[in-house]
Amino acid sequence: MLTRNRTVFTQLGTDAIEKGLADPQLSAFYESMMSSSGLVSEKLREHMPYLSLCSDKIDNLTPPPIFYVGRRSSQRILFGEEWAMQHDEELRTPDPELEHASAEAYRYALEEQPYYGYARTRLNVGGKILDIAFERLIVALRPTPNSDRRFCAYFGVIQDLQQL
Amino acid sequence: MQMSPYFKSAEYVHEHVQPEDRELATLKSEVDKHNLTEMWDMILTLDYEVNNVRELSRETREEFCGIVSLLLKAFSK
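Labelled according to an unreviewed UniProt entry, chain A appears under the name PAS domain-containing protein, originating from Roseibium litorale.

Here is the structure:
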C-alpha cells in the first residue's frame, strides 16, 4: 500500500516561471509556447523529447489518456520504457492515486490557463516504493489555428527521487 | 492487369503488400475518420521529421503506429 503522509500537490502559478524560479528547460518550453499563442509551431520540435502529450478528455477523477511519451520525458524515466511503449489499452500513469491527484491540474490547463506546480508524493512503481518530488507544467495546445482539436502537453522535471 | 467490372479497384490489395502496410492504412483511415489528421501530421513532422510515413524505416514505422493507436484511444472514446 502507498503511504501518503508526505503528499503535496501545490499550484505555484506561471508567475513563478516568469520570475525565473522554474527549471530552465521548463521555462524555455513555457516561453516558447506563450510566444506562439498556444499553437503548435516549429518551436515545439526541440521540446518534444521532454514532453508527454495527452488528449482533452477529462473527468473529475482522471487526467486525459496519454498518447505520446517523449524519449527523455520524466514519465518515461520514472515509469520505464516498457510502460511508455505499450499501446494495447489507453495509456495512463500506473498509480491510480497519482492519476486522481493530477486530474485537477489538467482541468485547469484546459479550462483556464497553463498550470505550473510542485508535487511531492510516494508512488508504487512495479512494486517499488518511490519518494518523488517534481515540478510540472501543463499547457493546452492546438495543432493549427482553425483546429477544433486541443491536447495537453506535460513537461515534468524530477527534482528528487529516492527508493524507500 | 485487367480488373473484373464487379471488383472495385479501391478494394484491391496487392499480394505483396506487407501486413504493417495494411495496419498503417487502417490506422490512417481511423485517424481521418476521427478528425485527428492534424495530430498525425504534427507527430510525424515534429518528432520523426518526415512528411510521409513511408519515409520511416520499418522499425520506426512500428513505433509510430503504436503512438497512433494511443492517439485514437485517447481521443475517440
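A few words now on the interface of chain B and chain A. Of the residues lining the interface, 22 residues belong to chain B; the matching set on chain A comes to 29 residues. Ranking the residues of chain B by area buried against chain A places L46, L70 and F75 of chain B at the top, with a combined share of 30%. Taken together, the connections running from chain B to chain A amount to 3 salt bridges. In this structure, R71 of chain A and D47 of chain B form a salt bridge, with 2.8 Å as the shortest nitrogen-oxygen distance. At the level of secondary structure, the elements contributing two or more residues to the side of chain B that touches chain A comprise α2 (37-46) and α3 (58-76) of chain B. Of the residues contributing to the side of chain B that touches chain A, the split by class is 11 nonpolar, 5 polar and 6 charged.

Now for the packing of α2 of chain B against α3 of chain B. Residues and elements named next belong to chain B. The contact between α2 and α3 brings their axes to 11 Å, and the two run at 145°. With respect to the hand of their crossing, α2 and α3 are arranged in right-handed fashion. Touching M39, W40, I43 and L44 of α2 are F64, I67, V68, L71 and F75, all from α3. Residues belonging to the contact of α2 with α3 are distributed by class as follows: 9 nonpolar, no polar and no charged.

This brings us to the sheet that holds strand β4 (residues 115-125) of chain A. Strand order across the open sheet formed by 6 strands is β1-β4-β5-β6-β2-β3 (chain A), with antiparallel pairing between neighbours. On the outer flanks of this sheet lie β1 (8-11) and β3 (66-69) of chain A, each paired with one strand and no other. When strand polarity is set aside, the average angle formed by the axes of neighbouring strands in this sheet is 25°. Note: β1 of chain A against β4 of chain A, 4 bridges, orientation antiparallel. Along β4 of chain A, the bridge assignment pairs F9 of chain A with A119 of chain A. Its contacts with the sheet place helix α2 (residues 24-35) of chain A against β2 (51-54), β4, β5 (128-141) and β6 (151-163) of chain A, and it is angled at close to 20° to β5 of chain A. In the packing of α3 of chain B onto the sheet, the strands contacted are β3 and β6 of chain A, and the crossing angle to β3 of chain A comes to about 150°.

So, on to the side chain of D95 of chain A. Along the chain, D95 of chain A turns up in the loop between α4 (81-85) and α5 (96-111). Side-chain polar atoms of D95 of chain A contact the backbone nitrogen of N124 of chain A, separated by 3.5 Å.

Our focus in this paragraph is the packing of aromatic side chains. Remark: the centre distance and the inter-plane angle together describe each pair of aromatic rings, the angle taken between the planes. Residue and element names in this part refer to chain A. Under the defined criterion, the tally for this structure stands at 8 aromatic pairs over all chains. Arranged with centres 6.1 Å apart and planes meeting at 15°, the rings of Y50 and F155 form a pair that is stacked. Linking Y50 in the loop between α2 and β2 with F155 in strand β6, this pair joins segments that are 105 residues apart in sequence. For the pair shown, Y50 and F155 are each scored as buried.

What follows covers the environment of E81 of chain A. Residue and element names in this part refer to chain A. Of note, E81 is situated in helix α4. The exposure class assigned to E81 is partly exposed, which follows from its relative accessible area of 48%. Distance from E81 to K57, taken between C-alpha atoms, is 24 Å for residues 24 residues apart in sequence.

Our focus in this paragraph is the nonpolar core. In summary, soluble globular proteins display a tendency toward joint burial of nonpolar side chains. Grouped together as the largest cluster of nonpolar side chains are 71 residues, with contacts concentrated most on L44 and F67 of chain A. It is α3 of chain B that contributes the most residues to this core, 9 residues altogether.

Residue and element names in this part refer to chain A. With 12 of 14 residues buried, β5 lies mostly within the body of the structure. Relative to β5, β4 is paired through 11 bridges, and the arrangement is antiparallel. For Y115, the partnering residue across the bridge sits in β5 and is I138. With antiparallel pairing between neighbouring strands as the criterion, β4 and β5 make up a hairpin whose turn holds 2 residues, including G126 at a positive phi of roughly 60°. In this structure, β5 lies alongside β6, joined through 12 bridges in antiparallel fashion. When the bridges of β6 are listed, I132 appears paired with L161.

Time to look at the layout of surface pockets. What the largest pocket holds in volume is close to 280 Å³. Those elements that provide at least two residues to the lining of the largest pocket are β3 and α4 of chain A together with α3 of chain B. Per-element tally for the lining of the largest pocket: the top contributor is α3 of chain B, with 6 residues. In the lining of the largest pocket, the residues fall into 9 nonpolar, 3 polar and 7 charged.

What counts, and at which threshold
- Residues numbered from 1 in each chain as written.
- Chains lettered and ligands numbered in written order.
- Predicted model: local features only at pLDDT ≥ 70, side-chain atom pairs only at ≥ 80, totals over all residues.
- Heavy atoms only, no water.
- Contact = heavy atoms within 4.5 Å.
- Buried area = accessible area lost by both parts, 1.4 Å probe.
- Salt bridge = Lys/Arg side-chain N within 4 Å of Asp/Glu carboxyl O.
- Helix = DSSP H or I, 4+ residues; strand = E, 2+ residues; numbered from the N terminus.
- Nonpolar A, V, L, I, M, F, W, Y, C, P; charged D, E, K, R; others polar.
- Axes fitted to C-alpha atoms, helices over the stretch in contact; angles between N-to-C directions.
- Left-handed = near helix turned anticlockwise from the far one by under 90°.
- Pairing = 2+ DSSP bridges.
- Polar contact = N/O pair within 3.5 Å; in protein donor to acceptor, adjacent residues only side chain to side chain.
- Phe/Tyr/Trp six-rings, centres within 6.5 Å; stacked < 30°, edge-to-face > 60°.
- Buried < 20%, exposed > 50% of the residue type's maximum accessible area, 1.4 Å probe, protein only.
- Core = buried A, V, L, I, M, F, W, Y, C linked by side-chain atoms within 4.5 Å.
- 1 Å grid on protein atoms, 1.4 Å probe; cavity = no way out; pocket = protein on both sides within 12 Å on 5 of 7 lines; lining within 4 Å.
- Points joined across faces, edges and corners; volume = space filled by probe spheres on them.

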